[in-house]
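Next come the chains, spelled out residue by residue.
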Amino acid sequence: FCCRASDTVQLGRRRICGYEINTAVAALESTFQTEFDLLQAFVDKGRLGLIMSNAEAIDWHSIEQSLEQALAAPCRVYPVAPEYKKRLFAELTNEERSACGIKLPLVTTAATLEKF
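Residues numbered from 1 in each chain as written. Predicted model: local features only at pLDDT ≥ 70, side-chain atom pairs only at ≥ 80, totals over all residues. Heavy atoms only, no water.

1. Observations concerning the sheet that holds strand E3 (residues 38–44)
For step 1, the next point in the chain: With mixed pairing, the three strands of this open sheet are ordered in space as E3-E4-E5. Edge positions in the sheet fall to E3 and strand E5 (75–80), since each of these pairs with one other strand and no more. Along the sheet, successive strands turn relative to each other by an average axial angle of 20°, direction set aside.
For step 2, the next point in the chain: Where helix H1 (residues 18–32) meets the sheet, its contacts fall on E3 and strand E4 (47–53), and the angle it forms with E3 comes to roughly 125°. (Pairing = 2+ DSSP bridges. Helix = DSSP H or I, 4+ residues; strand = E, 2+ residues; numbered from the N terminus. Axes fitted to C-alpha atoms, helices over the stretch in contact; angles between N-to-C directions. Contact = heavy atoms within 4.5 Å.)

2. Some points on the pattern of salt bridges
For step 1, the next point in the chain: Under the defined criterion, the tally for this structure stands at two salt bridges.
For step 2, the next point in the chain: Between Glu 20 and Arg 14 there is a salt bridge, and its shortest N-O distance comes to 3.6 Å.
For step 3, the next point in the chain: Taking the shortest distance from any N to any O, the salt bridge between Asp 44 and Arg 47 comes out at 3.3 Å.
For step 4, the next point in the chain: For Asp 44, a relative accessible area of 6% gives the class buried. (Salt bridge = Lys/Arg side-chain N within 4 Å of Asp/Glu carboxyl O. Buried < 20%, exposed > 50% of the residue type's maximum accessible area, 1.4 Å probe, protein only.)

3. Quick notes on the pairing of strand E1 (residues 8–11)
For step 1, the next point in the chain: Across four bridges, E1 lies against strand E2 (residues 14–17) in antiparallel orientation. Looking at E2, one finds that Gln 10 is bridged to Arg 15.
For step 2, the next point in the chain: Hairpin connection between E1 and E2: a loop of two residues separates the two successive antiparallel strands, and Gly 12 in this loop has a positive phi of roughly 60°.

4. Here's the deal with unusual backbone geometry
For step 1, the next point in the chain: In this structure, Gln 33 takes a positive phi of about 50° despite not being glycine.
For step 2, the next point in the chain: Residue placement: Gln 33 occurs in the loop between H1 and E3.
For step 3, the next point in the chain: Phi is positive for Lys 45, close to 50°, though the residue is something other than glycine.

5. With respect to helix H3 (residues 82–92)
For step 1, the next point in the chain: Within H3, the full set of buried residues consists of Tyr 84, Leu 88 and Phe 89. The buried side chains of H3 occupy one side of the element, clustering within an arc of 135° when seen end-on. Among the exposed residues of H3, those pointing more than 90 degrees away from its buried face are Lys 86 and Ala 90. (Arc of directions from axis to C-beta.)

6. Let's talk about the nonpolar core
For step 1, the next point in the chain: One finds Ile 21, Leu 48, Leu 50, Met 52, Ile 63 and Leu 67 to be the most contacted residues of the largest nonpolar core, which totals 23 residues.
For step 2, the next point in the chain: Of all elements in the fold, only E1, H1, E3, E4, helix H2 (60–71) and E5 reach the threshold of two or more residues within this core.
For step 3, the next point in the chain: Not counting the four nearest positions on each side in its chain, Met 52 is found in contact with Val 25, Phe 36, Leu 38, Leu 39, Trp 60, Ile 63, Leu 67, Val 77, Tyr 78, Pro 79 and Val 80.
For step 4, the next point in the chain: Formed by 10 residues, the second largest nonpolar core is a distinct cluster that contains Leu 38, Val 80, Leu 88 and Phe 89. (Core = buried A, V, L, I, M, F, W, Y, C linked by side-chain atoms within 4.5 Å.)

What follows is the structure, given as structure tokens:
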């Protein structure tokens, strides 16, 4: 058992597990001395698409290159504003389910990004 199927991204023959993505991003946080508020992954035209949020001004191109090296896969980073995460939570909350009971999935679809 490597990881749950719902936490994997399949890029051709390469399967990338969620823990690999999290490990690569944690290393980036250390290297760039920053924190990412949101991380979601999806298949984006044969490459790994990453939805990421950061409150600071950051060199996203360097982040993308570092992720490609760390994960040995082509990547495309989609930086989003903090409001994106708020809208995701707002969409999933209702009278029976508060934001505290929601865990945003690591692996998602491009449609999630396109909605906003």
